[in-house]
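Architecture at a glance
As a plain string of letters, each chain reads:
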Amino acid sequence: MRAGDVQQVAESTLLPLVVAAASVVTMVMTLALCSLCQWCYRRDSYMELERDDETTEKGGAFPPSNIVTRKTIKFERPPGKAMLRGNVQPNADGHEEESAENGTSLKVHPFSLHNLSASSMPSLSLRLSPSSHDDEGSDSNEEAVSEPGANLGRIQFSMSYNFDTMTLVLHIKRAVELPAKDFSGTSDPFVKICLLPDKKNKMETKVKRRNLNPHWNETFQFEGFPYDKLQHRVLYLQVFDYDRFSRNDPIGEVHLPLCEVDLTESPTFWKDLRPCPNSNDNLGELLVSLCYQPTAQRITIVVMKARHLKAMDITGTSDPYVKIWLVYREKKIEKKKTSCKKRCLNPVFNESFIFDIPMDKMKETSFIISVMDKDTLKKNDVIGKVCLAPRSGPLETKHWKEMISKPRQPVAMWHGLKK
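What this report covers is the structure whose coordinates are included nearby.

What counts and how
- Residues numbered from 1 in each chain as written.
- Predicted model: local features only at pLDDT ≥ 70, side-chain atom pairs only at ≥ 80, totals over all residues.
- Heavy atoms only, no water.
- Salt bridge = Lys/Arg side-chain N within 4 Å of Asp/Glu carboxyl O.
- Helix = DSSP H or I, 4+ residues; strand = E, 2+ residues; numbered from the N terminus.
- Buried < 20%, exposed > 50% of the residue type's maximum accessible area, 1.4 Å probe, protein only.
- Pairing = 2+ DSSP bridges.
- Axes fitted to C-alpha atoms, helices over the stretch in contact; angles between N-to-C directions.
- Contact = heavy atoms within 4.5 Å.
- Core = buried A, V, L, I, M, F, W, Y, C linked by side-chain atoms within 4.5 Å.
- 1 Å grid on protein atoms, 1.4 Å probe; cavity = no way out; pocket = protein on both sides within 12 Å on 5 of 7 lines; lining within 4 Å.
- Points joined across faces, edges and corners; volume = space filled by probe spheres on them.
- Nonpolar A, V, L, I, M, F, W, Y, C, P; charged D, E, K, R; others polar.
- Patch = residues over 30% accessible without salt bridge, like charges linked within 9 Å, V, L, I, M, F, W, Y side chains within 5 Å.
- Areas by Shrake-Rupley, 256 points an atom, 1.4 Å probe, with all protein chains shown as cover.
- Lys, Arg positive; Asp, Glu negative; His and termini not counted.
- Charge placed at Lys NZ, Arg CZ, Asp CG, Glu CD.
- Expected span 1.5 Å × (residues − 1).
- Phe/Tyr/Trp six-rings, centres within 6.5 Å; stacked < 30°, edge-to-face > 60°.
- Lys NZ or Arg CZ within 6 Å of the ring centre and 35° of its normal.

Things to note about the pattern of salt bridges
Any two side chains of opposite charge can pair if their charged atoms end up close together. With the rule as written, the count across this model stands at 7 salt bridges. Taking the shortest distance from any N to any O, the salt bridge between R154 and D272 comes out at 3.1 Å. In this pair, R154 is assigned in strand β3 (residues 154-162) and D272 in strand β10 (residues 268-272), connecting sequence segments 118 residues apart. Here K361 ties to D360 by a salt bridge, and the two come within 3.9 Å at their closest N and O atoms. Given a relative accessible area of 8%, K361 falls into the buried group.

So, in structure tokens, the structure goes:
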């Protein structure tokens, strides 16, 4: 065989090998570059959440036996053995720089839902005096936080008394303008009922799911109560937000001494709900700043400081840090947290977190901000929480709307921590 033929055979054999090797190298480089970019992952996470079935929200449906259907209490029976009876009646681009008064630099934690590159994130600075536990520039916000009984809602009910059977009949009708207790911007209210001073015999309405203006239309009977005995009783109504996985959250309460009621006229009442004692157990307050950049579709959250935090350790202090969850349609997307401040009940954080939020996702996006107590020997304790969203508590919603109405301007407010 001639030398030219040998060379031609060799070239024809090596060519497929070279092409295969080049293809392998190209695939490896493509996979390596793709792993550095998480834009597709963030995009697909939103698309997947949009396809979720509505029945998965809030942990599914309520269990069928979540409320005791107790409608009647008899006076002559001993405590704890009252008869149970009765039925329900029908019925960014501009990267503005944040600044305040003194000279503490701000830690920036950028996060993007589309890509994780921090090269395009602004460098923020916020000045705040660490020694100052009271922000003199936010007096109006502090007043709003300090109003414990604001916007707890009202409840409507009626009463009548049957002198022949000595039965007090209570009809729980409805409530209006209840505050949102859930992170979804709504509540699942129900009412507990008793005649003080007897606290053992209680009755409850059904839970009205995701409703801030619930209609119950339920009737309860207190049988065998002489009229003169009722004059020494106090009707006690307590409205709760039902929570499937933790303790029910009290919304408000009503005390009505029956000696002040003319039961012969079957009166109907509208009563303002009052705050329940120790409902939030003085958990403390958190100062948070929000800044919205509509062109860049970006929200910057600045965790500034906290004050009067509840002591969680036996030493009479806490080791607080702040955790932020980005939530979309009640699904947790991403978590960020501040550094921990050792043995401090009035910590100053001055840490910033940047989130890129698509414009069409804003209405269903919220931030759960939790103040935690770090513990090395057991699970970290939750001191309190704040939910910033378009539909949340009165002050939280006000803060969100003010952020939207004042683009490219940091808006700071104090928020009372909740359980």
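On we go.
Description of the sheet that holds strand β14 (residues 331-337)
The strand order across the open sheet built from 4 strands is β14-β13-β16-β17, with neighbouring strands paired in antiparallel fashion. Each having just a single partner strand, β14 and β17 (381-388) make up the two edges of the open sheet. Looking at each pair of strands side by side, their axes are set apart by 25° on average, direction ignored. Alignment of strand β16 (residues 365-373) against β17, held across 7 bridges, turns out to be antiparallel. Bridged to V371 within β17 is G384. Running over the sheet, helix α5 (residues 394-405) touches β16 and β17 and is turned about 50° from β17.

A word on the nonpolar core
One finds I155, M159, I172, L235 and L237 to be the most contacted residues of the largest nonpolar core, which totals 31 residues. Of all the elements in the fold, those that place two or more residues in this core are β3, β4 (167-176), β5 (189-196), β7 (215-223), β8 (234-241) and β9 (249-257). Residues contacting I155, with those up to four places away along its chain left out, are I172, R174, A175, V191, L237, V239, V254, F269, W270, K271 and L273. Counting residues in each nonpolar core, the second largest holds 29 residues, with Y292, I333, V386 and L417 among its members.

Some details on the sheet that holds β9
Strand order in the open sheet formed by 4 strands is β6-β5-β8-β9, and the pairing between neighbours is antiparallel. This sheet does not close on itself; its edge strands, each paired only once, are β6 (203-204) and β9. Across 8 bridges, β8 lies against β9 in antiparallel orientation. Within β9, the residue paired with L237 across the bridge is V254.

Quick notes on empty space enclosed by the protein
The space that makes up the largest cavity amounts to roughly 30 Å³. Of all the elements in the fold, those that place two or more residues in the lining of the largest cavity are β5 and β8. Considering only residue class, the lining of the largest cavity consists of 3 nonpolar, 1 polar and 2 charged.

Focus: unusual backbone geometry
Going from L196 to P197, the amide bond is cis rather than trans, its omega being 15°. Residue position: P197 is located in the loop between β5 and β6. You will see that S266, though not glycine, has its phi angle at about 50°, which is positive. Among the secondary structure elements, S266 is positioned in the loop between β9 and β10. S266 gets classed as partly exposed once you look at its relative accessible area, which sits at 42%.

Focus on a positive patch on the surface
There is a patch of like positive charges on the surface, built from K332, K335, K337, K342, R343 and K374. Tracing the chain through its elements places K374 in the loop between β16 and β17.

Observations regarding α5
Compared with an ideal rise of 1.5 Å per residue, which puts 12 residues at 16 Å, α5 spans 16 Å between its outermost C-alpha atoms and is within 8% of the ideal. Burial in α5 covers these residues: L395, E396, T397, H399, W400 and M403.

Some remarks on the packing of aromatic side chains
Applying the stated rule across the entire model yields 8 aromatic pairs. Each ring, one from Y161 and one from F163, has its centre 4.7 Å from the other, and the planes form 85°; the classification is edge-to-face. Look at F222 and F225: their rings are 6.0 Å apart centre to centre, the planes differ by 85°, and that puts the pair in the edge-to-face class. The class of F225 is buried, set by a relative accessible area of 4%. A network of ring pairs unites the aromatic residues Y161, F163 and Y227 as a single cluster. Its end group placed over the ring of W414, R307 keeps NZ or CZ at 3.8 Å from the ring centre. Over the ring of Y321 we find K337, and its NZ or CZ is 5.7 Å from the ring centre.

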